Amino acid sequence: GEGLELAQSEDDDVQSGRVVEQFATLIAGYRQAIDGLENELSEAADQAQGELNELQLLTGGKMREIAEIKALYEQKKAEPEYVPPRSARRIQARAKLLEHGIAAQPLYALIDFAPDISEEEAGRIEFMLEDAGLLDALVIAPEQAAAADALLAAAGLGDCRLDLNAIRTTIGNQSQGASILHFDSAQDSRWAVVAAEMLPLLGTYASASDGVRYSMQADGSWTHGLLTGHAGTGTARCIGIATRLRVRQRELEELEQQREPFCDVEKRGDR
């Protein structure tokens with residue numbers, strides 16, 4: 001009887017050992033599965049975090065782009081008219097003159113096109129004046145010219161002023177046709193006399209010849225001092241208050257179109 005009991009006990013121990021081994025195997029499998037799942041979750045979390053970081057950077061970039069467009073739009077709305085690019089030297093020269101109470105206007109602000117000029121011709125005229133360096137040259141009333149010259153020369157900005165005396169001399173030696181430019185009546189009338197002095201030369205087409213300091217031709221060719229050139233075609237942007245107002249309105253419309261896709265993003269960002 002004792003032998004039988006001993007054998008039974010050994011069988012129970014073997015069976016228990018097998019059960020323990022099976023549980024250990026199961027536990028090891030579960031642990032391996034859990035470890036694998038943890039790794040997958042960790043990798044997925046890292047990937048999600050990376051995508052979130054990229055999204056945050058993208059969103060931040062878009063918000064900055066929206067802010068820049070909005071700021072530019074508000075700036076354009078505040079401007080009474082289109083402000084064309086000006087050379088840094090002439091901006092500095094005009095500021096220097098204003099400090100001393102000397103009024104100066106860029107040439108483009110005083111003139112306008114004749115009413116029968118086509119858009120293409122107007123653009124070519126403006127480009128010729130720009131290429132020759134005359135478009136934003138400063139115009140100063142004759143009675144203030146001497147004081148202006150002294151100030152500009154002292155500041156090293158003597159090349160920024162339109163020389164009306166030289167224009168008078170050139171006009172006296174050069175025959176002129178009908179003017180294609182005239183004084184812009186939207187300007188202060190006190191500048192009309194100054195404009196009347198320079199437009200007989202600057203506002204007409206003339207063939208270049210020996211000894212001519214300045215000429216402008218219908219095909220876009222121009223001469224100014226020792227320089228010659230040929231202007232391309234395009235649309236005028238500066239000459240005439242009506243032109244500058246149209247350009248400003250066009251810029252506002254373009255900025256508004258750029259803002260439209262971001263309106264929903266901007267509203268969400270304000271919440």
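Residues numbered from 1 in each chain as written. Predicted model: local features only at pLDDT ≥ 70, side-chain atom pairs only at ≥ 80, totals over all residues. Heavy atoms only, no water.

S.K.: I would appreciate a short explanation of helix α2 (residues 88–99) in the present structure.
M.R.: With twelve residues, α2 should cover 16 Å at 1.5 Å per step; its first-to-last C-alpha distance of 17 Å lies within 8% of that length. Listing the buried residues of α2 in full gives Arg90, Ala93 and Leu97. Projected onto a plane normal to the axis of α2, the buried residues spread over an arc of 55° and lie on a single side. α2 presents Ala88, Leu98 and Glu99 as exposed residues on the side facing more than 90 degrees away from its buried surface. Buried positions along α2 lie against β1 (104–106), β3 (138–140) and α5 (145–154). (Helix = DSSP H or I, 4+ residues; strand = E, 2+ residues; numbered from the N terminus. Expected span 1.5 Å × (residues − 1). Buried < 20%, exposed > 50% of the residue type's maximum accessible area, 1.4 Å probe, protein only. Arc of directions from axis to C-beta. Contact = heavy atoms within 4.5 Å.)

S.K.: What am I meant to see in a nonpolar patch on the surface here?
M.R.: A contiguous nonpolar patch, built from Val19, Phe23, Leu26, Ile27, Tyr30 and Ile34 and spanning about 590 Å² of accessible area, is present on the exposed surface. For Leu26, the location among the structural elements is in helix α1 (residues 2–78). Residue Leu26 is classed as partly exposed on the basis of its relative accessible area, which comes to 44%. (Patch = residues over 30% accessible without salt bridge, like charges linked within 9 Å, V, L, I, M, F, W, Y side chains within 5 Å. Areas by Shrake-Rupley, 256 points an atom, 1.4 Å probe, with all protein chains shown as cover. Salt bridge = Lys/Arg side-chain N within 4 Å of Asp/Glu carboxyl O.)

S.K.: I tried to follow the pattern of salt bridges on my own but got confused; where do I start?
M.R.: Side-chain pairs of opposite charge can arise where the charged atoms are in close proximity. Within this structure, the stated rule accounts for seven salt bridges. Across the pair Asp136 and Arg90 runs a salt bridge whose closest N-O atoms are separated by 2.4 Å. With Asp136 in the loop between α4 (119–131) and β3 and Arg90 in helix α2, this residue pair connects regions lying 46 residues apart in the sequence. Owing to a relative accessible area of 13%, Asp136 belongs among the buried residues under this scheme. With relative accessibility at 16%, the residue Arg90 sits in the buried group. Across the salt bridge formed by Arg237 and Glu251, the nearest N and O atoms sit 3.5 Å from each other. Highlighted residues: Arg237 in the loop between β7 (227–230) and α8 (241–259) and Glu251 in helix α8, separated in sequence by 14 residues. Since its relative accessible area comes to 32%, Arg237 is described here as partly exposed.

S.K.: I keep staring at the sheet that holds β7 and nothing clicks. Help me out?
M.R.: Pairing between the strands of a sheet comes from backbone hydrogen bonds, and it takes one of two forms, parallel or antiparallel. Taken in spatial order, the three strands line up as β5-β6-β7 in an open sheet, and their pairing is antiparallel. Strands at the two margins of the open sheet, each flanked by one partner only, are β5 (214–216) and β7. Going from strand to strand, the sheet's axes swing by 15° on average, the running direction of each strand aside. Bridging between β5 and strand β6 (residues 221–224) involves three bridges; their strand directions are antiparallel. Residue pairing in the sheet places Met216 in a bridge with Trp222 of β6. (Pairing = 2+ DSSP bridges. Axes fitted to C-alpha atoms, helices over the stretch in contact; angles between N-to-C directions.)

S.K.: I tried to follow the side chain of Gln105 on my own but got confused; where do I start?
M.R.: Among the structural elements, Gln105 can be located in strand β1. Here Arg94 takes part through its side chain, which lies 3.3 Å from a polar atom of the side chain of Gln105. Dropping the residues within four chain positions of it, Gln105 is found in contact with Arg94, Leu110, Ala137, Leu138, Val139, Gln187 and Trp191. (Polar contact = N/O pair within 3.5 Å; in protein donor to acceptor, adjacent residues only side chain to side chain.)

S.K.: Just checking my understanding: could you explain the nonpolar core for this structure?
M.R.: A general trend in soluble globular proteins is that nonpolar side chains are found buried together. Ranked by size, the top nonpolar core spans 40 residues in total, and within it Ile125, Leu129, Leu162, Leu181 and Met198 carry the most contacts. Counting residues per element, the ones that place at least two in this core are α3 (107–110), β2 (111–113), α4, α6 (164–172), β4 (181–183), α7 (192–202) and β5. Considering every element that reaches this core, the biggest residue donor is α7, with six residues. If sequence neighbours within four positions are ignored, Met198 has contacts with Leu107, Leu110, Val139, Leu162, Leu164 and Ile167. With eleven residues, the next largest nonpolar core counts Ile102, Leu138, Leu152 and Cys160 among its residues. (Core = buried A, V, L, I, M, F, W, Y, C linked by side-chain atoms within 4.5 Å.)

S.K.: Honestly, the pairing of β6 in this entry has me stumped. Any pointers?
M.R.: Looking along a regular strand, one sees side chains alternate from face to face of the sheet. The turn joining β5 and β6, which pair antiparallel and follow one another in sequence, is formed by four residues; a positive phi near 100° is taken by Gly220. Note: β6 against β7, four bridges, orientation antiparallel. Bridge pairing in β7 links His224 to Leu227. Taking the residues that link successive antiparallel strands as the turn, the β6-β7 hairpin has two residues, and the phi of Gly225 there is positive, at about 65°.

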